[in-house]
Amino acid sequence: MSGVLFTNVRILDGTGALPYPGEVLVQGNRVSRISRGARALPTAGVVTVDGGGATLMPGLVEAHTHFSWNDQPGLSEIQRMLTEEHILWCAHIAKRYLDVGFTSCIGAATAKPRLDVVIRNAIESGQIPGPRYLAASQEITVPGGLGDETLPHLPYPEFSFGAIVNGPEEMRKTVRMFLKYGVDTVKLNLSGEYIAGIPAEFTPMTEEEITVAVTEAHVRGKRVSAHARSAESVKQCVRHGIEIIYHASFADEEALDMLEAKRDRHFVAPGIAWLINTSFNAGPWGISPESAKQMGYHRELEVACETLKKMHRRGIRILPGGDYGFAWITHGTNAKDLEYFVKYLGFTPMEALLAATKLGGQIMMRGDELGQIREGHLADLLLVDGDPVANIAVLQDAARLLGVMKDGVFHKDPQKGPARGRFSRPAA
Ligand SMILES: [Zn+2]
């Protein structure tokens, strides 16, 4: 069987071990052999990629992705994009994630009902390049909740960012519709969001509505995720078994206790980049630091950092990524999150890397074959010019990603790029 042999690489395997010099053989779509040191693996019949001392690491995983957010400054700009252009945009963005080293992404809500499903299917069938992707529903919300954009004189649901439901039976109908469309994850908006004029600590969905949504998703073996900034919404997530909790800024001690007790069941993806950049870097789009402060973002960022540090100490799984796709946090800059985890949440660089790789495999529901470099695991690999453990920011520079491999196939081939003195040999 033909394959690719990486030689002369430092292997950062995603187990927590420090990088070590060695070789990795990929056959088909999996890592077949790993060895320490040099010239240990057979070179006959395989393409040899001499890494020239670069780091070989697992592909990154984005835990909270919105392909359909279109790098604009607001929700209505996303919602009003015409469907045909919107599909093309999503395809364009899916490729960008691979370009910058994200080989897996979790869809965290789509702007129109089927965008995520269509893109996932197109990636899986090989029509377009993109990361492994789990497709989301639209955000499901209640009247007056985050994502309800209807106006009294324009009561048209199409203007709304979210799918609006009123009561358990409407919830059932809507969730079943998204499941019929083929989503992997049903998204609920359980709390508010300051930029939409709805306080982050507002928790508007009823227990009955949530029960119905979770029951319907779980009956079909699908997962539920939630926009959950308030303490009460985090508790709702734990009580109802909502697997993926987004934000969680205001989780109080009771919420943290509940979450810790079920920490093997839940993932938290805070989307911290949104809080940081909306607080301080959205001035050119009309949100000065002062107005962000008045909205409540500075306080939320402060509280969220403390909350997430506590969560991290309690061993709750926290993953990077989240809400890229606005004008001040554009798609493709997602690796910034790893740096934010170090600077704002007290993670070591290695912990941040493990959160983006090993835990990433787990949130993709493939922890036994994804997110680490191990024999038998899927070959989603990055060849990085530099050492991310020493400098986590190196991952933000796409030029330093010498190679990107997904499922054993190069998306970015180090043999074809400007490999700067590195060389490769074709199959003997
Ligand atoms: Zn989001």
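Refer to the structure presented above.
Since this is a predicted model, take the numbers as computed values, not measurements.

(A) Main features of the packing of helix H5 (residues 207-219) against helix H6 (residues 231-240). Remark: H5 packs on H6, axes separated minimally by 10 Å, with the N-to-C direction vectors making an angle of 40°. It follows from the interaxial angle that H5 and H6 lie oblique. Every pair of crossing elements has a handedness; the one defined by H5 and H6 is right-handed. Taking contact as the criterion, the partners of Glu207, Ile210, Thr211, Val214 and His218 in H5 are, on H6, Glu232, Gln236, Arg239 and His240.

(B) Geometry of the environment of asparagine 189. Relative to the elements of secondary structure, asparagine 189 occurs in strand S11 (residues 185-189). Residue class for asparagine 189 comes out buried when judged on its relative accessible area of 1%. Separated by 164 residues in sequence, asparagine 189 and leucine 353 place their C-alpha atoms 29 Å apart. Reaching out from asparagine 189, the side chain makes a polar contact with the backbone oxygen of leucine 146 at a distance of 2.8 Å.

(C) Spatial organisation of the packing of aromatic side chains. Across all of its chains, the model carries 15 aromatic pairs by this definition. The interplanar angle of 75° and the centroid separation of 5.9 Å between the aromatic rings of phenylalanine 6 and phenylalanine 410 together place this pair among those described as edge-to-face. With a gap of 404 residues between them, phenylalanine 6 in strand S1 (residues 3-11) and phenylalanine 410 in strand S17 (residues 409-412) connect regions that are remote in the sequence. Exposure remark for phenylalanine 6: the relative accessible area of 1% places this residue in the buried category. Ring geometry for phenylalanine 326 and tryptophan 328: centres 6.0 Å apart, planes at 25°, overall stacked. You'll find phenylalanine 326 and tryptophan 328 in the same group, each marked buried. In this structure an aromatic cluster arises from ring pairing among Tyr194, Trp274, Trp285, Tyr297, Phe326 and Trp328. Positioned over the ring face of tyrosine 20 is arginine 36, at 3.9 Å from the centre of the ring. One Lys or Arg, arginine 317, reaches over the ring of phenylalanine 267 and ends 3.9 Å from the middle of that ring.

Analysis parameters
- Residues numbered from 1 in each chain as written.
- Predicted model: local features only at pLDDT ≥ 70, side-chain atom pairs only at ≥ 80, totals over all residues.
- Heavy atoms only, no water.
- Axes fitted to C-alpha atoms, helices over the stretch in contact; angles between N-to-C directions.
- Helix = DSSP H or I, 4+ residues; strand = E, 2+ residues; numbered from the N terminus.
- Parallel < 35°, antiparallel > 145°, perpendicular 65-115°, else oblique.
- Left-handed = near helix turned anticlockwise from the far one by under 90°.
- Contact = heavy atoms within 4.5 Å.
- Buried < 20%, exposed > 50% of the residue type's maximum accessible area, 1.4 Å probe, protein only.
- Polar contact = N/O pair within 3.5 Å; in protein donor to acceptor, adjacent residues only side chain to side chain.
- Phe/Tyr/Trp six-rings, centres within 6.5 Å; stacked < 30°, edge-to-face > 60°.
- Lys NZ or Arg CZ within 6 Å of the ring centre and 35° of its normal.

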